[in-house]
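Here's the letter readout for the chains.
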There are 2 protein chains.
Amino acid sequence: MMYIEIDFSSDEAIYQQLCNQIIQGIAMSQLTDGMTLPSVRQMADEIGINMHTVNKAYSILKQEGFVKVDRRKGAVISVKSDKEEALNSVRKDMRSVLAEARCRNLTAEDLHRMVDEIYDAFDAYDKAVESAGSE
Amino acid sequence: MMYIEIDFSSDEAIYQQLCNQIIQGIAMSQLTDGMTLPSVRQMADEIGINMHTVNKAYSILKQEGFVKVDRRKGAVISVKSDKEEALNSVRKDMRSVLAEARCRNLTAEDLHRMVDEIYDAFDAYDKAVESAGSE
DNA sequence: CACCTGTTATATAAATCATATAACAGGTGC
DNA sequence: GCACCTGTTATATGATTTATATAACAGGTG
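Residues numbered from 1 in each chain as written. Chains lettered and ligands numbered in written order. Predicted model: local features only at pLDDT ≥ 70, side-chain atom pairs only at ≥ 80, totals over all residues. Heavy atoms only, no water.

Asker: Help me get a handle on the overall build of chain A, residues and values and all.
Answerer: A count of helical and extended segments in chain A gives five helices and two strands. If you list the helices and strands of chain A from N to C, you get α-α-α-β-β-α-α. If you line up chain A on its principal axes, its C-alpha atoms span 50 × 35 × 35 Å. Expressed as a percentage of the 135 residues in chain A, the buried residues total 41%. Taking the contacts inside chain A whose residues are at least 6 apart along the sequence as the reference set, 47% of them involve residues at least 24 apart. A total accessible area of about 8,100 Å² is found for chain A, and carbon and sulfur atoms account for 47% of it. One way to put it: in chain A the 16 positive side-chain charges average out to a point 9 Å from where the 23 negative ones average out. (Helix = DSSP H or I, 4+ residues; strand = E, 2+ residues; numbered from the N terminus. Buried < 20%, exposed > 50% of the residue type's maximum accessible area, 1.4 Å probe, protein only. Contact = heavy atoms within 4.5 Å. Areas by Shrake-Rupley, 256 points an atom, 1.4 Å probe, with all protein chains shown as cover. Lys, Arg positive; Asp, Glu negative; His and termini not counted. Charge placed at Lys NZ, Arg CZ, Asp CG, Glu CD.)

Next up, the structure:
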């Protein structure tokens with residue numbers, strides 16, 4: 001079970017928003033290895049979009065190594081974690097973010113702090129879910 | 001003077017590539033406050049694209065606070081650096097990058113190291129330019 | 001007044017995004 | 001075998017975005 005919220009007035013494509021929210025769900029341990037995502041049709045119904053839009057998102061997640069797609073079970077969370085690959089993939093995006101950060105005079109320390117805050121926020125979510133397990 | 005290289009077979013929009021390269025140019029001090037970018041027509045000619053595509057890029061850079069556009073001089077580098085605004089703007093993008101990083105089991109330390117490496121690379125470029133000033 | 005700026009308007013072709021309808025391959029449970 | 005559920009593929013259509021082209025306007029410079 002996972003809340004997905006699509007902003008239809010966003011300039012970000014729907015399939016892209018869907019990908020991002022699922023990745024964030026994995027980051028927050030809301031989605032863990034072995035869990036299955038709703039089928040493309042079910043997910044499409046739930047959030048009120050087309051099946052093919054969901055399929056596109058799932059295909060990308062598969063290609064990027066976040067899920068494995070099994071014809072009978074559907075999309076199963078399975079994160080590929082080759083450290084070298086991961087570093088290279090992340091570095092590319094990080095470079096763009098840091099370019100802007102540096103233009104705006106943020107220091108490496110500012111960014112270390114930001115990284116820690118965001119990572120802590122991910123962990124905080126884990127704990128909240130664990131301790132509210134009975135609800 | 002600044003080399004711009006557009007990958008026409010990229011899935012990234014041309015105006016977006018142009019924005020990114022200019023922002024990276026500022027980050028590397030290749031472009032500094034007060035410098036003027038080539039006029040929209042001149043830049044378009046140089047890299048072989050349409051004037052309006054350049055204009056779109058410049059307009060975005062203006063809106064995001066990287067340049068100020070003067071009708072007579074053109075687009076002048078002028079980076080807005082309100083720290084609070086900068087932190088909030090960067091945080092949003094950073095969150096997406098870190099979500100992927102965490103899924104792939106990268107630690108906060110891994111990312112601190114990456115931040116430092118990228119920042120050092122920006123600085124290294126500054127120095128290279130300074131010491132080769134006579135060429 | 002020619003010449004350079006950015007800016008705006010309009011039109012057009014191509015690509016992307018989202019949708020819709022339909023069908024197929026394959027596994028599950030009755 | 002037969003419904004029923006998966007993902008997957010094909011095809012078509014409309015809306016939006018991207019990139020281009022041509023043209024004109026406002027304003028500052030020499």
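From this point, things continue past the structure.
Asker: Outline the interface of chain A and chain B, listing residues and values.
Answerer: Each partner contributes residues to the interface: chain A has 46 residues there, and chain B has 46 residues. Taking both partners together, chain A and chain B bury about 4,700 Å²; carbon and sulfur atoms supply 64% of that area. By the criterion of area lost to chain B, the three top residues of chain A are R102, R104 and Y119 of chain A, representing 17% of everything that side buries. Applying the counting rule to chain A against chain B returns six salt bridges. (Buried area = accessible area lost by both parts, 1.4 Å probe. Salt bridge = Lys/Arg side-chain N within 4 Å of Asp/Glu carboxyl O.)

Asker: Provide a residue-level description of the domain arrangement of chain A, including the pertinent values.
Answerer: You'll often see interface size given as the accessible area lost when the parts meet. In terms of domain boundaries, chain A breaks down into domain 1 (14-77) and domain 2 (83-133). The centre of domain 1 of chain A, based on its C-alpha atoms, is set 23 Å off from the matching centre of domain 2 of chain A. (Domains from an automatic or database assignment.)

Asker: Lay out the pattern of salt bridges with the relevant residues and their values.
Answerer: This structure, assessed with the given rule, holds 14 salt bridges over all chains. With a closest N to O distance of 3.4 Å, R104 of chain A and E100 of chain A form a salt bridge. Judged by its relative accessible area of 12%, E100 of chain A is buried. In this structure, a network of salt bridges that share partners links the residues K83 of chain A together with E109, D110 and R113 of chain B.

Asker: Residue-level account of the nonpolar core, with values.
Answerer: I22, M94 and L98 of chain A together with I22, M94 and L98 of chain B are the most contacted members of the largest nonpolar core, which totals 83 residues. Those residues in contact with M94 of chain A that lie beyond four places of it in its chain are M94, V97, L98, L111, M114, V115 and I118 of chain B. (Core = buried A, V, L, I, M, F, W, Y, C linked by side-chain atoms within 4.5 Å.)

Asker: Break down the protein's contact with DNA strand D for me, with residues and values.
Answerer: DNA strand D sits among 24 residues. The nearest are R41, H52 and R71 of chain A together with I14 and H52 of chain B. Restricting attention to atoms of DNA strand D within 4 Å of the protein, one finds that 62% of them are sugar or phosphate atoms. In the model, a base nitrogen of DNA strand D is placed 2.7 Å from a nitrogen or oxygen of the R41 of chain A side chain. In this structure, N50 of chain B approaches DNA strand D through a main-chain N or O atom, which is 3.0 Å from a phosphate oxygen. Considered class by class, the residues forming the surface near DNA strand D number eight nonpolar, eight polar and eight charged. (Near = heavy atom within 4 Å. Polar contact = N/O pair within 3.5 Å; in protein donor to acceptor, adjacent residues only side chain to side chain. Nonpolar A, V, L, I, M, F, W, Y, C, P; charged D, E, K, R; others polar.)

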